[in-house]
Amino acid sequence: MSSVESLLKMNRPDVSDFSCVDLDQPKESAQGQIDNAPAAPSQAVESDGEGEVAMAKGGGQSINSVAAGFVHPHAQLPKPEAPRGFIEDGDQINRSVSFTENLSVDVPAIGKFIRETSSNFSTALVKSLSSTFKDNNARYAPNVTEINLSGLKVIVKSNESESESDRAEDSIFSQVKGRISFFSRSNCRDSTAVRTFFREKGLKVVEINIDVFPKREKELIQRTGSSSVPQIFVNEKLLGGLVVLNSLRNSGQFDYRMREMLMRKCPDDAPALPLYGFDDEEEDSKDEMIGIVRILRHRLPIQDRLMKMKIVKNCFAGSELVEVIIHHLNCGRNKAVEIGKIAARKHFIHHIFGENEFEDGNHFYRFLEHEPYIPRCYNFRGSNDSEPNPAITVGQRLAKIMSAIMESYASEDRRHVDYTSISNSEEFRRYVNLVQDLHRVDIQPLSLDEKLAFFLNLYNMMVIHAVIRIGHPGGLIDRRLFFSDFMYLVGGHSFSLSEIENGILRNNRKPPYSLTRHFSSGDHRLQLALPKVNVLVHFGLCNGTKSSPTVRFFSAQTVQSELRVAAREFFQCGGIEINLAKRTVHLSRIIKWFSADFGSDKEILKWILNFLDASKAGLLTHLMNDGESVRISYQNYDWSPNS
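This structure is a prediction, so every number in the text was calculated from the model and none was measured.

Caption draft 1: Just the side chain of Arg583, in detail. Mapped onto the elements, Arg583 comes out in the loop between strand E19 (576–579) and strand E20 (584–587). A distance of 3.2 Å separates a polar atom in the side chain of Arg583 from the backbone oxygen of Leu623. Excluding anything up to four places from it in sequence, Arg583 contacts Leu623, Asp626, Glu628, Ser629, Val630 and Arg631.

Caption draft 2: Up close: the confidence of the model for the protein. Scored by pLDDT, the protein comes out at a mean of 80, with 71% of its residues at no less than 70. Confidence drops under pLDDT 50 across residues 137–142; counting only partners more than four residues distant or on other chains, this segment forms 6 contacts.

Caption draft 3: The arrangement of the packing of aromatic side chains in detail. As enumerated under the stated definition, the model contains 25 aromatic pairs in all. A ring pair is formed by Tyr378 and Phe486, whose centres lie 4.4 Å apart and whose planes are at 15 degrees; its orientation type is stacked. Remark: Phe486 occurs in the loop between helix H16 (476–485) and strand E17 (487–490) and Tyr378 occurs in the loop between strand E16 (364–367) and helix H12 (391–409); sequence separation between them is 108 residues. Since its relative accessible area comes to 0%, Phe486 is described here as buried. Aromatic side chains Phe539 and Phe571 sit 5.2 Å apart centroid to centroid with 55 degrees between the ring planes, which places their arrangement in the tilted category. Pair noted here: Phe539 is in the loop between helix H17 (497–505) and helix H18 (559–575) and Phe571 is in helix H18, with a separation of 32 residues, a long-range link. Like Phe571, Phe539 is buried. Arg297 extends its terminal NZ or CZ atom over the ring of Phe367, reaching a point 5.9 Å from the ring centre. Sitting above the plane of the Phe495 ring, Arg525 keeps its charged end 6.0 Å from the centroid.

Caption draft 4: Fine view of the sheet that holds E20. Pairing is mixed in the open sheet, where 3 strands are placed in the order E19-E20-E21. The open sheet has two free edges, formed respectively by E19 and strand E21 (631–634), since each of these has just one partner strand. Ignoring strand direction, the axes of neighbouring strands in this sheet form an average angle of 20 degrees.

Rules and cut-offs
- Residues numbered from 1 in each chain as written.
- Predicted model: local features only at pLDDT ≥ 70, side-chain atom pairs only at ≥ 80, totals over all residues.
- Heavy atoms only, no water.
- Helix = DSSP H or I, 4+ residues; strand = E, 2+ residues; numbered from the N terminus.
- Polar contact = N/O pair within 3.5 Å; in protein donor to acceptor, adjacent residues only side chain to side chain.
- Contact = heavy atoms within 4.5 Å.
- pLDDT = per-residue confidence, 0-100.
- Phe/Tyr/Trp six-rings, centres within 6.5 Å; stacked < 30°, edge-to-face > 60°.
- Buried < 20%, exposed > 50% of the residue type's maximum accessible area, 1.4 Å probe, protein only.
- Lys NZ or Arg CZ within 6 Å of the ring centre and 35° of its normal.
- Pairing = 2+ DSSP bridges.
- Axes fitted to C-alpha atoms, helices over the stretch in contact; angles between N-to-C directions.

What follows is the structure, encoded as structure tokens:
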């Protein structure tokens, strides 16, 4: 029942309480009954809170004893229009309704009721919308909320006093003058906990990763007396580590302490911001051969020559190199040949066809910077003449910098990477400088696990660099160029992404849908290939797409266990789906592409059982052991970027 109908019902008197007048009797008779009725005292008509009309009772006669009827107005008064629904027939009305003479409707009460009802409706609507706003407060402004409904536009404005207090509470740290900074390391759980806490608080902090800025470790020791991390500073004052931070948070004193300490300007003796520059670069020791090599670059007749029906550019003969060394060092020919072999082993020079190290005579060589693949090597920005550091040292340093980059510019689960922020960061600039140390590094002395971790990390680092420099590949042709043409110069040889994955990590097996191998029998890079295929490597390589495993970097000491963790995470996060009703197992397409590594379907399912949680392992075991066939299908691969 509508509000208006309820109102009319409450204000309409019950007709059973009145004596109806026979409209067929003469007018005089009816008028006479009214005139002869005893006079009642003057009574007021009151309206109670329910809107009911009540007649005051006094010494007068009850209204039920008064014959009420429909009385025509005076002849000279304007005749009112008949209410809709009534049909006038001469002097009679076909529909009879009895009203009293003294009955009147309290119009102000009706208006008051309508206003109150409207106000209640508006209040209820605002409360409903306010609750919706609280549930979705991240989508709307905190002080003024505009909500558009069908045919209705509602603007909710918070109370000024309340909004001011809320803003004051929410912006405790919005007007800070000081600075929070903390020292950290890559792959440190305590440092990660501190970083996550400040992110949740919405506080801007300056992180000084001493793996990225190694010389800042001396400053850390001077300020704290120890090299342990994390160490948090508020302006120039040492707050402490994770234990102190948890204590302040649990006691509820964190906001008070921060507000007290950050309201003053940061002094000059606070930990400095990490700035652009080379102040942290270690002093490079010059290679003992560099003096001789520089003379050779200036004195050798470097020119294009015709060899084996091919034009070979920028080369020189071995005999020419020997003559220059003899003339410069005033030594014998054998000594000059030995110097040439050292230059070849250190990758200053290469044979044009890779046939030998160095020999005297009519054999042709070229300098490393003149190799035809150098323009496609994105870590080459000029000859690096410094003494190469051990490969394990360079690899670990690069992995730590990239881990620091992921901790700062990727989501916590590493499924989303902010490539734009990485490209503009100081950490990435230092990575690009350091990756030049790979030019002439010696990889041969590495153990199997060290080599495995080195090339896994190199692949993942190159993918990030490739996405930043040349962009994420769109179509099939772009993908082939992305994995084949983006190269690094490592140990005097070029390596593409596909060559690292298929040539090194897969023991020079054919890439998917390819008829040839990357390395021929005489290729020196074949000596670096792992002797046996480890199928877990497929879950440690991230190619920058949404369907690939998450990006991670490995340690040589724990690379095998880290690969098992990576495989378990991959299968638990969508790498396998089991449809018990259709007896179908949906696997990642990666397994189909590299089926030569995983083996037959039955072997694959047995192997995957080792990396599933209890529920999926139970379902798969049931399908495999109930005696019926199991169908394997492969999921569609999502090539969109993981940004």
